[in-house]
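For reference, the chains in residue letters:
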Amino acid sequence: MNGFCREMAFALGLVALLGCGGGGGGSSAATTPAPPPPPNLYGVAFGNSQWVSVGASGTVVTSPFTFAGWTAQKSNVTADLRSIAYANGVWMAVGDAGTIVKSSDAINWAAAASGTTQNLRAVAYGNSTWTAVGWNGALTTSPDGNTWTTRTSGTTNNLQGVAYANNGWNGTTHPQWVAVGQGDTVLLSSDAVTWTLQQTGTGNDLYGVGYNPAVSIAVTSGPGPNTTYYSGMFEVVGASGTLASSSLSIFSGVPSTWAKGTSGTGNRLSRVSGYLNGAFGELLAVGDSGTVYYTTYGAGASSNVLTLDNGNYFLADIAGYNGTWLAVGASETTFKSVGGTTWAQVN
């Protein structure tokens, strides 16, 4: 036997000996790899009788309206997904490096070319248009979610949130887009193509914008004087508990001035969502340290700020339907509420 063969025989014998527990008389147990930590969830929406949430490394999870735990789906992308919206039978999610994915059932997803490599932070639908916004003033629109066109936003500040409303009276319509971002940036547009710059006067970074469709206003001139109508209101949230709102005129639909509000917290508020529950408007915001801000409009209006689970979790987004709310955040944390004032961790 030559030297090479002797070395190989020795090596094979040593491997066999170790495999049988030799060398020390003990046995070696197989080590099971630890499961990966739950992913951070950054966005959530409701549509077609289900909740859908998106998050880190292309995460997409789904659950029925009653919420029975999350079921993982394949997005076919690895970028962090930061926001999701549902409209007209279509789910749209956006994320880092210009990532956009689309689905009709929240199970099978396909990527679309956004036209930008900027990190996208929010997406919304309105007036037959999808609009996504992101860092360095990135703004891109699409009629169908397949073909996207970049737009000039007029700012290089990071954009973090976008919302749409269609306000009016007696058959008139006033489509209105609002995008918000870094440095108290507010952008307004009626068509998602041409944007004008505004500020709330808070001086803080803004992270989210939502629309509350039920704010009663008394009309003393114009059509139907001395009559109370239900108009709408955009509300923005941001750093250090920033809260500001602007009611929409039923005659123009344009938010002209912003009123600073008091949220009752110094924590960052990351997202805000409004919903018409019967004759009352509900508006909730979530943020750092398990913060939930809750307010109602109409008769018996009230507001409150809550801290969930002793403030152990960052909450990234919130969505509501028919009085039921879901908030998501770090490590797949999920809280559910019926009514917005009492919450339970469900995941």
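Residues numbered from 1 in each chain as written. Predicted model: local features only at pLDDT ≥ 70, side-chain atom pairs only at ≥ 80, totals over all residues. Heavy atoms only, no water.

1. Examining the confidence of the model for the chain
Operational definition: In predicted models, pLDDT denotes the confidence assigned by the predictor to each residue on a 0 to 100 scale. Any two residues whose heavy atoms approach within 4.5 Å at even a single point are treated as in contact.
A residue-level look at the chain finds 80% of positions with pLDDT of 70 or above and a mean pLDDT of 85. In this model, residues 1–27 is a region of pLDDT below 50 whose contacts with residues beyond four sequence positions or in other chains number four contacts. The low-confidence segment residues 216–228, where pLDDT is below 50, has 25 contacts with residues more than four positions distant or belonging to other chains.

2. Concerning the sheet that holds strand E4 (residues 71–73)
Short version of the rule: For two strands to count as paired, DSSP must find a minimum of two bridges between them. Working definition: helices are DSSP H or I runs of at least four residues, strands are E runs of at least two. Numbering for both runs from the N terminus. Axis definition: a line fitted to C-alpha atoms, limited for helices to the stretch in contact. Angles are taken between N-to-C directions and run from 0 to 180 degrees.
One open sheet accounts for four strands, arranged E1-E2-E3-E4; its pairing is antiparallel. Because the sheet does not close on itself, it has two edges, and the strands there are strand E1 (41–47) and E4. With direction set aside, neighbouring strand axes in the sheet form an average angle of 25°. The sheet contact formed by E1 and strand E2 (residues 50–55) spans six bridges and is antiparallel. Bridge pairing in E2 places Leu-41 opposite Gly-55.

3. Concerning the packing of aromatic side chains
Under the convention used in this document: Side-chain rings of Phe, Tyr and Trp (the six-membered ring for Trp) are treated as a pair once their centres are within 6.5 Å; stacked means planes under 30 degrees apart, edge-to-face means over 60, and tilted covers the remaining angles. Buried residues are those whose accessible area, probed at 1.4 Å on protein chains only, stays under 20% of the maximum for their type, while exposed residues exceed 50% and partly exposed ones sit between those limits. Look at NZ for Lys and CZ for Arg. If either is within 6 Å of the ring centre and within 35 degrees of the ring normal, a charge sits over the ring.
Considering all chains together, one arrives at eleven aromatic pairs under this definition. Centroid distance Tyr-164 to Trp-177: 4.9 Å. Interplanar angle 55°. Geometry classified as tilted. Residue Tyr-164 is found in strand E13 (residues 159–167), and its partner Trp-177 is found in strand E14 (residues 174–181); the two are separated by 13 residues along the sequence. Accessibility classification places Tyr-164 together with Trp-177 in one group, the buried group. Here a set of aromatic residues connected by ring pairs shows up, and it is made of Phe-46, Trp-51, Phe-65 and Tyr-321. In this arrangement the basic side chain of Arg-82 is found over the ring face of Tyr-42, its NZ or CZ atom lying 4.4 Å from the centre. Looking at Arg-268, its charged tip hangs above the ring of Tyr-207, at a distance of 5.1 Å from the centre.

4. Description of the pairing of strand E11 (residues 139–142)
Side-chain alternation along E11 places Leu-139 and Thr-141 on one buried face and Thr-140 and Ser-142 on a second face that is also buried. Of the strand pairs in this sheet, strand E10 (residues 129–134) and E11 are connected by four bridges, and their pairing is antiparallel. Its bridge partner being in E11, Trp-130 is matched across the sheet by Ser-142. Joining the antiparallel neighbours E10 and E11 is a turn of four residues, in which Asn-136 adopts a positive phi near 55°. In terms of strand pairing, E11 meets strand E12 (residues 149–150) through two bridges, oriented antiparallel. Bridge pairing in E12 links Thr-141 to Thr-149. In this structure, the hairpin formed by E11 and E12 is closed by a connection of six residues, where Gly-145 is found at a positive phi of approximately 85°.

5. Digging into the pattern of salt bridges
To keep things clear, this is the line we draw: Every case where a carboxyl oxygen of Asp or Glu lies within 4 Å of a side-chain nitrogen of Lys or Arg is listed as a salt bridge.
Inspection of the entire model under this criterion finds four salt bridges. With a shortest N-O distance of 3.4 Å, Asp-80 and Arg-82 are connected by a salt bridge. Given the relative accessible area of 18%, Asp-80 is considered buried. One salt bridge in this structure joins Arg-268 and Asp-288, with 3.2 Å as the shortest N-O distance. Pair noted here: Arg-268 is in the loop between strand E20 (259–260) and strand E21 (269–277) and Asp-288 is in the loop between strand E22 (280–287) and strand E23 (291–297), with a separation of 20 residues, a long-range link. Its relative accessible area of 23% is what places Asp-288 among the partly exposed residues. One salt-bridge network, held together by shared partners, links Asp-80, Arg-82, Asp-96 and Arg-121.

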